[in-house]
Amino acid sequence: MLSPSKLIGSKLSHLRRFCPCIKASAPSFCIYKVLPREHRVMSAAKKSQGSLVEEALVQYGDTSMLDLIDIGINLADPSFDEDRDAVTERAKKAGVSACIITGSSLRSSMRARDICDTSPGASLYFTAGVHPHEAKSCDGNTLSALRDLAGHPRCCAIGECGLDFNRNFSPPQVQEQWFAEQVKLANELQKPLFLHCRDAAERFTAILREEELSVPAVAHCFTGSREELAEYCRMGLHIGITGWVCDDRADRGGAELAQLLHLIPPDKLMIETDGPYLVPRTIKPAKARPRRNEPALLPYVLSAVADALATDKAQVAAQTSTNARRFFGLE
Ligand SMILES: [Zn+2]
């Protein structure tokens, strides 16, 4: 296949081997123009998100039998503003039957609700909560606004909330205060909790205990240690696994995470893309990788999880979707 970058500096005679339609007399400076339109192939960098995703799915193989649920997709993120409807269409085609849009601030939770309201056929649900990075934006109105959102028929959990001491975008004490408030709210409303924890497992589990967590809760995008996972499992938490497990770079911990997956009780395991972040690195070569992650790429997470568990994809798909439907109370 010919791409513009390959054409630069190529000799006409060389190009004619690929494409005999090029006239031998064509001047080299307009060599790309002499290619008939149907023979021009845009380089990966210029391909649209949609075509990269579709090609990744062709590479993946048959997804028609899948029935997956993406339990964490940041579809309210502005990176989806241009093509949100196409994203949910592609998700359906890729065997993703339902998506749960993550609310990570009051604003994004409201946006997530609006997306659900305006896409009735798309099997979308949302969570309402404030991420620890955003905890400093909370005030006297936050809890009543979350309570209102939680009353919406498509709101299926409180969160994402929790602690993130990795970068402390909000001061740790402020994070702890608003995490505890949201656990209280979930207990009060008897809604499941969608949790985030990074570099804060000790205080995270302590607060869940202090608040006497009485609803099902999922530690989404789990990337912690063996000890943390064992503790979460003892507490009965569900575990959300993302494309982190697809990351083969030695310093990122994807392989370590893969080795821990067998410790998760099968009825507690769920999968998610966490798009637009964490594009599965099992899409190869790198230049074929879509720039943004989206629900249609969830089959790649499924494959990596099934490989790590040395079991077949159909079984993991059925188990994780059953878990997600039960956990979030989906119809
Ligand atoms: Zn998170």
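As a starting point, this report considers the structure included with it. All of these numbers come straight from a predicted model, not from anything done at the bench. (Residues numbered from 1 in each chain as written. Predicted model: local features only at pLDDT ≥ 70, side-chain atom pairs only at ≥ 80, totals over all residues.)

Take the nonpolar core next. The biggest cluster of nonpolar side chains holds 89 residues, and the ones touching the most others in it are I101 and V301. Those residues in contact with V301 that lie beyond four places of it in its chain are I241, T242, G243, V245, C246, I271, T273 and P280. (Core = buried A, V, L, I, M, F, W, Y, C linked by C-beta atoms within 7 Å. Buried ≥ 20, exposed ≤ 12 C-beta atoms within 10 Å, placed from the backbone. Contact = placed C-beta atoms within 7 Å.)

Taken N-terminus to C-terminus, the directions of helix α7 (residues 142-150) and helix α8 (residues 172-189) make an angle of 35°; their axes are 11 Å apart at the nearest point. Note that α7 runs across α8; the crossing there is right-handed. Facing α7, whose interface residues are L143, L146, R147 and A150, α8 presents E181, L185 and L189. (Axes fitted to C-alpha atoms, helices over the stretch in contact; angles between N-to-C directions. Helix = DSSP H or I, 4+ residues; strand = E, 2+ residues; numbered from the N terminus. Left-handed = near helix turned anticlockwise from the far one by under 90°.)

Take R107: it is sitting in helix α6 (residues 106-118). Residue classification places R107 among the partly exposed positions, given that 13 C-beta atoms sit within 10 Å. Taking the C-alpha atoms as reference, R107 lies 9.6 Å from G129; in sequence the two are 22 residues apart.

A separate point is helix α5 (residues 84-93). Looking at α5, one finds that the buried residues are V87, T88, R90 and A91. Down the axis of α5, the buried set is contained in an arc of 160°. They therefore lie on one face. On its buried face, α5 sits against α4 (49-60), β2 (96-101) and β3 (124-128). Directly after α5, the chain includes G95, whose backbone phi takes a positive value near 85°. (Arc of directions from axis to C-beta.)

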